[in-house]
Structure formats: structure tokens, C-alpha cells
Amino acid sequence: MDDLQVRLVVIVPYFYPMEPRHPIGIFDSGYGGLTVFKCIKEALPNYDYFYLGDNARAPYGNRSFETVHEYTLQCVKWFFHQGCPLVILACNTASAKALRTIQQSDLPTINPTNRVLGVIRPTAEVIGDFTNTGHIGILGTRGTIASNSYSLEIEKFFPNVRVSQLACPIWVPLIENGFYESDGADFFIKQDLQQLLTADPLIDTVLLACTHYPILLPKISKILPKGIKIVTQGEIVASSLSNYLERHPEIESRLTTGGSTEIFTTDDPSDFDNHASLFFGTQVQAKRLQLPG
Ligand code: DGL
């Protein structure tokens, strides 16, 4: 090797540092958001992504507005510090309890040019198209249902649709604790679905308004009468995001397109990896994140 070659080997990395990444941030209280992230990545594979599951503090479903807002905001700030200009709350509970305050009160002070989007509005925009009877059932966590966010949002887009809601507080713990295939799960799912259909027998569309619930899809579709459509959110949110990016070049142009994915959890990463493939469809390797206090 002559002198010139030696100098090139040393100098090139110095003059061409790695470009900073500006990923899309995807957030959930734990694993559930992976069911949405999977569809987003399939629809928009070229962007860089950071996924964060706040497993150490999950589930969020029964927590107060104040707590869900505090936890979600902390995670949103972490995404911003990593250089994410856009964060998707792939969690209905966080979308119902924290999104509005973050958009209206927090963003103007912490970073007015960044954006945080949720999963409720994109779902409400299209859910009325699935029903023939005009009667829809919504299943979610206690927090999502108590917020009444779905009824309010759906009414804006489909004022003639009748919405019946039911909180299913046992479903997330059943999934998170690995009982999603058990006979015990059948008992609770049957009980909840019967309650929903008794409240409104004309329901022909059931929305799974919790990103964990697609894991229970085989059981739900076996229990619900044939002819009732079951709607999950992954594809709806992915198509809405793609549409948003087309309409917002000021955000889209700030995103980097290296096609990379990094996954973070606030709890044990090996535990996360063991559960995550059920939600994401492929093996993942999460990193542990210690959120600043
Ligand atoms: N996956 C969350 C949602 O979509 C719920 C899980 C939780 O209770 O933290 O609402």
C-alpha cells in the first residue's frame, strides 16, 4: 500500500460521517403497537423507524388521564431527542387520553414543527364505510371507552351511525400473560361479545379499538356470528399515514429513508423479544431504554 492509499483509508471516514437519521417514531404502552407498525412498515418500507414500547409501565388501559399523559409525553420527548420529526401513537389508550393535550398544549412549547398523530381519528374517518346496518360496536380498554373519543369522532364523519361501546379490561392482561389461546380466554371473550350484541343486536361491524386485540382475532371470529365484520386498525392507520405524508411535504421531506428499524423497550429486552414476534410476525431484537426521570 503506498502513502496515498493509506491516507485515503484514514481520511475518508473522517470527511464522510454517517448521515443523521430522522425516523418515524411509533409508540405503544407495550407490544400492541407492533400490530400497527407491521402494517406501516409493509406499506411504507423505505423510511427509518424507531419503535418504543413502554412495557415497564404497561398496561395503560386502567390508568388516569394525568398518568397516561405524563408517560406518553415523556416518550414523545424521547423520540424528539432521537431526531424523529413525526411520532405515531399506535395505542388507542394514549391516543384517547394524551394526544389532544400533547397536540394542543405541549407541542407548541416543546417543538412546534414536529408532529404527533394517533390512531382514533384515522379509524373514525373510515369505520362508517364498513357497516350496512349503520350499527357499529367498539371494543377497547377502559380508558379508551371511558374517554368516549370514538363516539365523538365517528359522529363527525358518520352522524347517522349508531355506536355501542364496551370496555374489555381483561383482554390485554390475557394477551400479555400468554393466555390468548386458553379456554379461560374463550369465557371472557364470549361474555364481552354477548354483552355488546345484546346492547345492540343490529351491530354488523365490530372495531377492535385496542392494538393488542388482533392477537385474539381467531377466537373473536369463531365466537361472533358469521356476517359480522371485524375491523382491525393496522391497515387503516398505514394508509392514513401514507396519505398524510403525501399531503404534508414539510414533514415528509424531513424523514430519512434508510429502511432501518430500531426497537426499544423500557423493560427487559429479552422478554420483549420473546413476546414481540407474536405481534410483529418476525423476530425482533429490542434495546433497553432508561427514560430520563
Ligand atoms: N395497546 C393499547 C391500546 O391500543 C392498550 C394496552 C394497554 O392497556 O396499555 O389501547
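Refer to the structure printed above.
Residues numbered from 1 in each chain as written. Predicted model: local features only at pLDDT ≥ 70, side-chain atom pairs only at ≥ 80, totals over all residues. Heavy atoms only, no water.

Turning our attention to empty space enclosed by the protein. One pass over the structure, following the stated rule, counts one cavity of 30 Å³ or more. Taken as a whole, the largest cavity encloses approximately 80 Å³ of empty space. Along the wall of the largest cavity there are 13 residues; nearest its centre are S29, T93, T141, C210 and H212. Residue composition of the lining of the largest cavity, by class: five nonpolar, seven polar and one charged. (1 Å grid on protein atoms, 1.4 Å probe; cavity = no way out; pocket = protein on both sides within 12 Å on 5 of 7 lines; lining within 4 Å. Points joined across faces, edges and corners; volume = space filled by probe spheres on them. Nonpolar A, V, L, I, M, F, W, Y, C, P; charged D, E, K, R; others polar.)

Bringing the nonpolar core into the picture now. Counting 53 residues, the largest nonpolar core has I24, L86 and L139 as its most contacted members. Once you skip the residues sitting within four places of it in the chain, L139 turns out to touch I145, L166, C168, W171, L193, L196, V206, L207, L208, A209, C210 and Y213. Of all hydrophobic cores here, the second largest spans 25 residues; its members include F50, L73, V87 and L291. (Core = buried A, V, L, I, M, F, W, Y, C linked by side-chain atoms within 4.5 Å. Buried < 20%, exposed > 50% of the residue type's maximum accessible area, 1.4 Å probe, protein only. Contact = heavy atoms within 4.5 Å.)

In this model, helix 3 (residues 65-81) (17 residues) spans 24 Å end to end at C-alpha, consistent with the 24 Å of a helix rising 1.5 Å per residue. Turning to helix 3, its buried residues are V68, H69, Y71, T72, L73, Q74, C75, V76, W78, F79 and F80. (Helix = DSSP H or I, 4+ residues; strand = E, 2+ residues; numbered from the N terminus. Expected span 1.5 Å × (residues − 1).)

Turning our attention to the packing of aromatic side chains. Counted under the stated rule, the structure contains 14 aromatic pairs. Pairwise contacts between aromatic rings join Y31, F37, Y49, Y51, F272, F279 and F280 into one cluster. Above the plane of the ring of Y71 lies R57, whose end atom (NZ or CZ) is 3.8 Å from the centre. Looking at K97, its charged tip hangs above the ring of F65, at a distance of 5.2 Å from the centre. (Phe/Tyr/Trp six-rings, centres within 6.5 Å; stacked < 30°, edge-to-face > 60°. Lys NZ or Arg CZ within 6 Å of the ring centre and 35° of its normal.)

Throughout the structure, instances matching the rule amount to nine salt bridges. For R121, the salt bridge identified is with E125, shortest N-O distance 3.4 Å. On the criterion of helical spacing, the pair formed by R121 and E125 is a turn pair, its members being four residues apart in helix 6 (residues 120-127). Classification of R121 by relative accessible area gives partly exposed; the value is 43%. Residues K156 and E153 are paired through a salt bridge, measuring 2.8 Å at the closest nitrogen-oxygen approach. (Salt bridge = Lys/Arg side-chain N within 4 Å of Asp/Glu carboxyl O.)

A few words now on the layout of surface pockets. To find leftover empty space, one rolls a probe the size of a water molecule over the atoms. Empty space within the largest pocket amounts to approximately 850 Å³. The wall of the largest pocket is formed by 35 residues, among which L99, Q103, G118, R121 and P122 lie closest to the centre. Those elements that place two or more of their residues in the lining of the largest pocket are helix 4 (92-97), helix 5 (99-110), strand 4 (115-117), helix 6, helix 8 (149-157) and helix 12 (234-247). The element contributing the most residues to the lining of the largest pocket is helix 12, with eight residues. Across the lining of the largest pocket, the residue classes break down as 17 nonpolar, 10 polar and eight charged.

On to the packing of helix 2 (residues 33-43) against helix 14 (residues 269-280), then. Where helix 2 meets helix 14, the axes come as close as 8 Å, and the angle between the chain directions of the two elements is 60 degrees. Taken as axis vectors, helix 2 and helix 14 run oblique relative to one another. Viewed along their axes, helix 2 and helix 14 form a crossing whose handedness is right-handed. In this structure, helix 2 contributes L34, T35, F37, K38 and K41 to the contact, and helix 14 contributes F272, A276, F279 and F280. In the contact of helix 2 with helix 14, the residues fall into six nonpolar, one polar and two charged. (Axes fitted to C-alpha atoms, helices over the stretch in contact; angles between N-to-C directions. Parallel < 35°, antiparallel > 145°, perpendicular 65-115°, else oblique. Left-handed = near helix turned anticlockwise from the far one by under 90°.)

Moving on, we come to the environment of S64. By secondary structure assignment, the location of S64 is in the loop between strand 2 (49-53) and helix 3. At 2.9 Å, the side chain of S64 and the side chain of T67 are in polar contact. (Polar contact = N/O pair within 3.5 Å; in protein donor to acceptor, adjacent residues only side chain to side chain.)

On to the sheet that holds strand 1 (residues 24-28), then. Taken together, the six strands give an open sheet; going across it, the order is 4-3-1-2-9-10, and neighbouring strands pair in parallel fashion. The sheet terminates laterally at strand 4 and strand 10 (286-288), the two strands that pair on one side only. Sheet twist, expressed as the mean angle between neighbouring strand axes with direction ignored, is 25 degrees. As judged from the three bridges shared by strand 9 (residues 261-265) and strand 10, these two strands associate in the parallel manner. Bridged to T265 within strand 10 is R288. Relative to strand 2, helix 2 is tilted by about 170 degrees, and along the sheet it contacts strand 1, strand 2 and strand 9. Of the strands in this sheet, strand 2, strand 9 and strand 10 touch helix 14, which is tilted by about 155 degrees from strand 10. (Pairing = 2+ DSSP bridges.)

Purely geometric numbers; function is a separate question.
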